Amino acid sequence: MDVSSGIPVERTMRPYIIGIVAALILTAIPFGLVATGALPRSTTLGIIVVFAVIQILVHLRFFLHIDLETTPRENLVALAFAAVLIFLMVGGSLWIMFDLYHRMMV
Amino acid sequence: MTAEATAMTGISPRDAERYEEKEFGFWLYLMSDAIIFSLLFATYLVMVGNTAGGPTGKELFSIERASGETLALLLSSTTFGFAAVALSAADRSKVLLWLCITFLLGACFIFLEIGEFRGMIAQGAGPERSGFLSGFFTLVGTHGLHVSVGLLWILVMIGQVLFKGLTAPVASRLMRLGLFWHFLDIIWVVIFSVVYLPGLL
Amino acid sequence: MDIIFGRLTIESLPFYSAIAASGAAITVLGALSVAGVITYFGAWRLVLFDWVSSLDHKKIGIMYIMVALVMLMRGFIDAAMMRSQQAIAFNNDGYLPPSHFDQIFSSHGTIMIFFMAMPFLSGLINLVMPQQIGSRDVAFPFMNSISLWLTTAGAGLVLISLVIGKFSTAGWTGYPPYSESQFTPGVGVDYWLWAVLISGIGSTMTGINFLVTIIKCRAPGMYLLRMPLFTWTVFVTSILMIFAFPALTVACGMLVLDRTLGFHFFTNAMGGNMMNYINLFWLWGHPEVYILILPAFGVFSEVVAVFSQKRLFGYISLVLATMAIGLLSFTVWLHHFFTMGSSARVNSFFGTMTTIIAVPTGVKVFDWLFTIFRGRIIFKAPMLFTLGFLVTFTIGGLSGVLLAMPPVDYLMHNTTFLIAHFHNVIIPGVLFGYLAGYMFWFPKAFGFKLNDKWGAWSFWCWIIGFYLAFMPLYVLGFLGMPRRMEHYEIAAWQPHLIVAAIGAFIIFLGIVCLAVQLVVSIRDREQLLDLTGDPWNGRSLEWGTSSPAAPYNFAVLPQVQSVDAWWDMKQRGVAYQRPDHYEDITLPKNTFISAFIGGAGFVFGFAMIWYMWWLAILCLASIAGAIIIRASDDDSDYTMSADEVKAIEDARFAQLAKAPKNEMEDEPGFAGQPVPEAST
């Protein structure tokens, strides 16, 4: 008996294997860079951020099976809207709080 | 989607709609949780320098422990995926096997994290030591609480699979648990990228 | 500290002051009278098995509105006490000591926003929205019930703070460092925090529920752009609830951690950042005021079309304006703290966004005006509230645009000008909207209309009282009077405060009129019966069900072909068609688990406040247990057979045959658009 709850149930292990391999690489490199201190600090930070974003996309695609064809549109819109709001709320908060820090030493 | 579901499974269109509604509703809950975590991250970043003369991340964090936690959680996401594959093949014993392994890996994660927290508290670096530590413990601790709830949920699902089998409602709940579990792994990626790695740099 | 009782002691009882003791006495008496009335009518079975355990969205909606109306009275008493204190307290202490006055302004705001307006809108939406989209219920009836009982738990915590302990003195916003335990130890702020957190979880769940319902549960043909405007505003409101409440949870959760476990998020020392609270709180707080007002705008859209007997003008612009307001509401929050040290660049960005957000609201006002223009207006109470809103809210909106300019706000912030502004948008906006909705949809809920004359008198008292109570506050703001003043030494302020107190008294008369309206209508219900389900010659689908609607709303789901779906069905002659056959209908079974979770939430909050850790853990465990039990229940629905459905529908058609063809035909000014013959 096969079941569906509305999201695609992956029938093969393939995406999970791809996902874990990609995630391990995207994790090992930043960890390695921090452990060894091989690159300058700002470069390492940049790599950490970029790899984190890529790894999130890897997780979304290979573990959560989110793609533009099969995922219901409302789920994609909700995700996009959340992303916009996170940008506004976190970006706005950091802007405000660092501005306050500079002006008020708060 | 609904026609597909009906054709594949023999559950009624009405039931398939209900499961879609539940999945969408759960997805929305995860979006609200994402907002909570992003504000915890924002607070952490605002307060990362507020050490009040106390210990900093560099002094407290351990890359070995962070790697261990990361590995445990990442592998647990994969093993949950294998449970989902077994579910689609209607293989009950494989589902139980992979759920148990996922539980053990998740429990490893929690064990490591509790050890980390206890160690910090023993050094006088508990959450009441400084704003930075309040931010750290709350962000990482909230994630850990979510993982613990997830572990409880895995146990409940193991029970349901054992006693009810792979029925449609059980499968629907497993898929939502999967969403939850993978979401928590995504949050962890951000945690090690924002907290541990920059802290240790 | 006691292991069993935490910090609860005999001193927590309110015998330290006469006013506190009377407040407690009234609360306890109120609770006892409710129990007494139910016992007198032998109605415990009915209350428990038909209502408390019901998962029917219509009943949940009615219970929400009951909570709102009770808390309206409690919040109003706070207002009356403040007005009377300020009217007399020139160069003297008045009758309210500062600590008491501070609790009152804190509870007034907390109650009106969290426990009057939020339940009122949740109630109206619950009652109406599923019927407007042609659905049988909301997407998650069980979670709907949990939301209701969690909100009630929060209200219960606020009420019980009158009897055991004290309430917060930190305002409805709870700013640190004052709200930290260093400066305000004691239970007051904790009562506030847990009431807000627990009901906030309920609101987040409500937002998810309504959004999934609208996206997934619409009737065939009910495309998004055919939905009534009320449903559109609910759609955007739900999005705001889902995405804004997490910020409140974070802000208040961190304050709980500071107070209870000694964390340093917002403390003065040890690396706390007090401004972060304000930032997080208002990240929630601004979308919250749009959560409060958007459904009211939706009500006005419905009322204005029905009582101008004309199609709503500018449907698309209203939809776009609503969506714009929703998105923009996340870009303005700093205007609540312009004066707290941000640079000109930051202030001007948020000031500009605040000015921009006034535009879509202005679009809506014009759309409503153009709907009324060349309509044939019927001046029933809901329309009176709408007309009063259009004039009065505009003034409040204008004072908001003034305040949107940071240099002006520097002068006006935290004066009574600000108090006047937000009451000037909340009362004519939010409250008039929900009172109009209450009177508009009352027949749908109960099967008989409310007495319109008393509704009109209530309106006039409310609007005259409002102007008298709040216009002086604008003047006082210009004269420099700060908000929240328990007494003052400036003679020039007192005459305005006396006028304001008179206004509060007239508002009190308005509330009395509401109560009389309800009593009279119940007494006279046989003369006020709504036999067709469509007492106002309405335009949207909820008017196609019986009044009150059957548990399943629609025996056969409607096939929608147009916007104003019900009006369209009436025009095409298919409005009251008898279906040729009926199907079985599946509905959720009643359950006490959700009420149990609400009750456990209440006790959990109480236990956390008083540091009774064993009880808190016990409550959390029971809630977890209840959820697991429910989550393992695969048999939570029952099926109403087609025969039962037929019996209910036959009774409805029999009633229709007795009804006048169009209940509005006797109205002076009725535009003469007949309803097609009811088919037999």
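Residues numbered from 1 in each chain as written. Chains lettered and ligands numbered in written order. Predicted model: local features only at pLDDT ≥ 70, side-chain atom pairs only at ≥ 80, totals over all residues. Heavy atoms only, no water.

All right, on to the overall build of chain A then. A tally of helices and strands in chain A yields 3 helices and 0 strands. Going residue by residue from the N terminus, the α and β elements of chain A occur as α-α-α. Taken over 106 residues, chain A has a buried fraction of 43%. Of the contacts made within chain A by residues no fewer than 6 positions apart, 51% connect residues no fewer than 24 positions apart. Within the structure as shown, chain A displays about 5500 Å² of accessible surface, and the carbon and sulfur contribution to it stands at 73%. (Helix = DSSP H or I, 4+ residues; strand = E, 2+ residues; numbered from the N terminus. Buried < 20%, exposed > 50% of the residue type's maximum accessible area, 1.4 Å probe, protein only. Contact = heavy atoms within 4.5 Å. Areas by Shrake-Rupley, 256 points an atom, 1.4 Å probe, with all protein chains shown as cover.)

Residue and element names in this part refer to chain C. Here chain C is described as being made up of domain 1 (1-42) and domain 2 (58-546). Each partner contributes residues to the interface: domain 1 has 13 residues there, and domain 2 has 13 residues. Carbon and sulfur atoms supply 66% of the area that domain 1 and domain 2 bury against each other, a total of about 960 Å² over both sides. When the buried area of domain 1 at its contact with domain 2 is split by residue, R7, I19 and T27 rank highest and sum to 48% of it. (Domains from an automatic or database assignment. Buried area = accessible area lost by both parts, 1.4 Å probe.)

Bringing the environment of Y95 of chain C into the picture now. Residue and element names in this part refer to chain C. Here Y95 is to be found in the loop between α3 (57-88) and α4 (98-132). In this structure Y95 comes out as partly exposed when scored by relative accessible area, which is 33%. Leave out the neighbours within four places in its chain, and Y95 touches I19, M81, S84, Q85 and I88. Here M81 takes part through its backbone oxygen, which lies 3.1 Å from a polar atom of the side chain of Y95. (Polar contact = N/O pair within 3.5 Å; in protein donor to acceptor, adjacent residues only side chain to side chain.)

This part covers the interface of chain C and chain A. When the parts come together, some accessible area is lost, and that loss is often what is quoted as the size of the interface. Counting from both sides, the interface comprises 24 residues of chain C and, opposite them, 17 residues of chain A. A buried area of about 1800 Å², summed over both sides, lies between chain C and chain A, and 77% of it is on carbon and sulfur atoms. Our count for the chain C to chain A interface comes out at 1 salt bridge. One salt bridge in this structure joins E74 of chain A and K216 of chain C, with 2.5 Å as the shortest N-O distance. At the boundary of chain C with chain A, the tally comes to 5 residue pairs in polar contact (both at pLDDT 80 or more). Residue assignment for the side of chain C that touches chain A shows that the elements contributing at least two residues are α6 (188-216), α7 (229-261), α8 (274-308) and α10 (344-372) of chain C. Class assignment for the residues of the side of chain C that touches chain A results in 15 nonpolar, 7 polar and 2 charged. (Salt bridge = Lys/Arg side-chain N within 4 Å of Asp/Glu carboxyl O. Nonpolar A, V, L, I, M, F, W, Y, C, P; charged D, E, K, R; others polar.)

Taken together, the contact pairs 46 residues of chain A with 54 residues of chain B. Carbon and sulfur atoms make up 80% of the area that chain A and chain B hide from each other, which totals about 4600 Å². The interface formed by chain A and chain B includes 0 salt bridges. Of all the secondary structure elements, the ones that give two or more residues to the side of chain A that touches chain B are α1 (14-36), α2 (41-63) and α3 (73-104) of chain A. The element that contributes the greatest number of residues to the side of chain A that touches chain B is α3 of chain A, accounting for 12 residues. Considered class by class, the residues forming the side of chain A that touches chain B number 32 nonpolar, 9 polar and 5 charged.

Together, M13, I17, V21, I25 and I29 of chain A make up an exposed nonpolar region whose accessible area comes to about 400 Å². Structurally, the position occupied by I29 of chain A is in helix α1. (Patch = residues over 30% accessible without salt bridge, like charges linked within 9 Å, V, L, I, M, F, W, Y side chains within 5 Å.)

Residue and element names in this part refer to chain B. Put simply, helix α2 (residues 13-47) and helix α6 (residues 131-164) touch, their axes get as near as 7 Å, and they point 155° apart. Judged by the inter-axis angle, α2 sits roughly antiparallel to α6. As α2 runs across α6, the sense of the crossing is left-handed. For the pair α2 and α6, contact is made by F26, Y29, D33, F37, L40, F41, Y44 and M47 and by G131, F132, G135, F136, T138, L139, T142, H143, H146 and W153, respectively. Partitioned by chemical class, the residues of the contact of α2 with α6 number 11 nonpolar, 6 polar and 1 charged. (Axes fitted to C-alpha atoms, helices over the stretch in contact; angles between N-to-C directions. Parallel < 35°, antiparallel > 145°, perpendicular 65-115°, else oblique. Left-handed = near helix turned anticlockwise from the far one by under 90°.)

Our next topic: the packing of aromatic side chains. Residues and elements named next belong to chain C. If you walk through the whole model with that rule in mind, you get 78 aromatic pairs over all chains. With a centroid separation of 5.8 Å and an interplanar angle of 20°, the aromatic rings of Y277 and F281 are classed as stacked. One end of the pair, Y277, and the other, F281, are both in helix α8, 4 residues apart, so they sit about a helical turn from each other. In this pair, the class of Y277 matches that of F281, namely buried. Their ring planes at 90° and their centres at 4.9 Å tell us that W454 and W457 sit as a pair that is edge-to-face. Placement of both W454 and W457 in helix α14 (residues 452-478) is noted, with a separation of 3 residues, approximately one turn of the helix. Overall, the relative accessible area of 23% leaves W454 in the partly exposed class. You can call W457 partly exposed: its relative accessible area is 40%. Lying over the aromatic face of F49, R45 brings its terminal NZ or CZ to 4.7 Å of the ring centre. Its end group placed over the ring of F142, R630 keeps NZ or CZ at 4.1 Å from the ring centre. (Phe/Tyr/Trp six-rings, centres within 6.5 Å; stacked < 30°, edge-to-face > 60°. Lys NZ or Arg CZ within 6 Å of the ring centre and 35° of its normal.)

Right, let's talk about the environment of S134 of chain B for a bit. Checked against the element boundaries, S134 of chain B lands in helix α6. Spatially, the C-alpha atoms of S134 of chain B and A83 of chain B are 37 Å apart, while their sequence positions differ by 51 residues. A polar atom in the side chain of S134 of chain B sits 2.7 Å from the backbone nitrogen of H264 of chain C.

With that out of the way, let us pick up the nonpolar core. Formed by 305 residues in total, the largest nonpolar core has its most connected members in F136 and Y196 of chain B together with W192 and W368 of chain C. For this core, the leading source of residues is α8 of chain C, giving 22 residues. Other than its neighbours up to four places away in sequence, W368 of chain C contacts F297, F300, S301, V304, L312, L318, F389 and L390 of chain C. Of all hydrophobic cores here, the second largest spans 7 residues; its members include V52, L148, W149 and A595 of chain C. (Core = buried A, V, L, I, M, F, W, Y, C linked by side-chain atoms within 4.5 Å.)

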